[in-house]
Amino acid sequence: MIDKLIDKIKKTNAPVVAGLDPMLSYVPQHILLKSYREFGETLQGAADAIWQFNKGIIDCIHDLIPAVKPQIAMYEQFGVPGMEAFQKTVDYCHEKDLVVIGDVKRGDIGSTSAAYATGHLGKAAVGSSRLSAFSEDFATVNPYLGSDGIQPFLDVCKEEKKGLFVLVKTSNPSSGEFQDRLVDGGRPLYEHVGEKVAEWGAQHMGSSYSYVGAVVGATYPQAGKIMRRLMPKTYILVPGYGAQGGKGADLVHYFNQDGLGAIVNSSRGIIAAYKQEQYAQFSPENYADASRQAVLDMIADIQEALAKAQA
């Protein structure tokens, strides 16, 4: 799957992933009212609204980007109907030939970790059948329980030719409370985690990059520079672009000299673009067109920054 992701990045010339993290506050009123008329102000009504919202965006941007990243918590909050909307979103993205990164941030050990891996990336044994559940292409995982929590995912990934993005240095402001702690020779903890990611990745290589990637936030460009050096064969998923303050100029060190090695996520900067002042020309009814323009602007920003860095 890492090879497919890279091929699609090359074809689109867009190292961009759209974070499908819908909040009801992002959904235009005309969509909300239609769903509420059909299902009432219920969990089913909310879930239908976010599914319809997602579908409109996917229809408008799928030709521009290689991948999407639905954040499962935004769907879980609406219970079983929300999870059905998550599944519809994953399936529809696959119909549009998008790579799906399930942003599930799972982290546990033993049989629990194996069950998470099966549910999101593998196949469950049911009688004589083996059946896929959510069936994302990649999943995000939390490594801070150690190798016990990661190995079951690696086993499933090898079997299914799927991949992981392991949290290394996250984009949130308080990430340094633990991740920046100096250990073993005065180096930040996240550096040690990055080295372990590279070690895990060596067990599961694609043509040029590992199936085991890393999450390193755009809000910490110096960490990105260090991680790029420590993990030369690791693809880096970079959250924090746009709404969290990251911009194209911050991202150049996340990429290798071949222009590959990183894919940059924007969530509300894309899906709620119509609410931003710079896209005020788009009405709520044209929210998906605003998302398309935000994607085009993001691609241009990243391409310009990479071109300057390589000049």
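What counts and how
- Residues numbered from 1 in each chain as written.
- Predicted model: local features only at pLDDT ≥ 70, side-chain atom pairs only at ≥ 80, totals over all residues.
- Heavy atoms only, no water.
- Phe/Tyr/Trp six-rings, centres within 6.5 Å; stacked < 30°, edge-to-face > 60°.
- Helix = DSSP H or I, 4+ residues; strand = E, 2+ residues; numbered from the N terminus.
- Buried < 20%, exposed > 50% of the residue type's maximum accessible area, 1.4 Å probe, protein only.
- Pairing = 2+ DSSP bridges.
- Contact = heavy atoms within 4.5 Å.
- Axes fitted to C-alpha atoms, helices over the stretch in contact; angles between N-to-C directions.
- Polar contact = N/O pair within 3.5 Å; in protein donor to acceptor, adjacent residues only side chain to side chain.
- Disulfide = S-S within 2.5 Å.
- Left-handed = near helix turned anticlockwise from the far one by under 90°.
- Expected span 1.5 Å × (residues − 1).
- Salt bridge = Lys/Arg side-chain N within 4 Å of Asp/Glu carboxyl O.

What follows concerns the packing of aromatic side chains. One pair of aromatic rings is described through two measures. These are the centre distance and the angle between the planes. Under the counting rule described, the total for this entry stands at seven aromatic pairs. Here Tyr209 and Tyr235 contribute two aromatic rings whose centre-to-centre distance is 5.0 Å and whose plane-to-plane angle is 75°, an arrangement assigned as edge-to-face. One end of the pair, Tyr209, is in the loop between helix H9 (189–201) and strand S10 (212–216); the other, Tyr235, is in the loop between helix H10 (221–230) and strand S11 (236–238), and 26 residues separate them in sequence. Across the pair, Tyr235 and Tyr209 agree in class, each one buried.

Attention now moves to the sheet that holds strand S12 (residues 262–266). One closed barrel holds the eight strands; their spatial order is S1-S2-S3-S6-S7-S10-S11-S12, and the pairing between them is parallel. Relative to strand S7 (residues 163–169), strand S6 (residues 138–141) runs parallel, the two being bridged by four bridges. The partner of Ala139 across the bridge, within S7, is Leu164. In the packing of H10 onto the sheet, contacts are made with S7, S10 and S11, and the angle to S10 comes to roughly 160°.

Now for the side chain of Lys169. Topologically, Lys169 is positioned in strand S7. Polar contacts involving the side chain of Lys169 include one to the side chain of Ser175, which spans 2.9 Å.

With that out of the way, let us pick up the state of the cysteines. A full pass over the atoms with the stated rule returns zero disulfides. The thiol of Cys157 is not disulfide-bonded; the next cysteine sulfur, from Cys93, is found 19 Å away.

Two elements in contact, helix H6 (residues 110–121) and helix H7 (residues 147–160), have axes whose closest approach is 8 Å; the angle formed by their N-to-C orientations is 35°. Here H6 runs over H7; the crossing is right-handed. Between H6 and H7, the contacting residues are Gly110, Ser113, Ala114, Tyr116, Ala117, Thr118 and Leu121 on the first element and Asp148, Gly149, Pro152, Phe153, Val156, Cys157 and Glu160 on the second.

Turning our attention to H7. Its 14 residues give H7 an end-to-end C-alpha distance of 20 Å, which sits within 8% of 20 Å, the value for a rise of 1.5 Å per residue. In the stretch just after H7, Lys161 is the one whose phi turns positive, near 60°.

Now for the pattern of salt bridges. Under the criterion given, the structure shown has 16 salt bridges. Here Lys69 ties to Asp103 by a salt bridge, and the two come within 2.7 Å at their closest N and O atoms. Here Asp103 lies in strand S3 (residues 99–106) and Lys69 lies in the loop between strand S2 (67–68) and helix H4 (73–76), a separation of 34 residues in the sequence. Accessibility expressed as a relative area gives 5% for Lys69, which makes it buried. For the salt bridge of Lys105 with Asp103, the shortest nitrogen-to-oxygen distance reads 2.8 Å. On the accessibility criterion, Lys105 (38% relative accessible area) is partly exposed.

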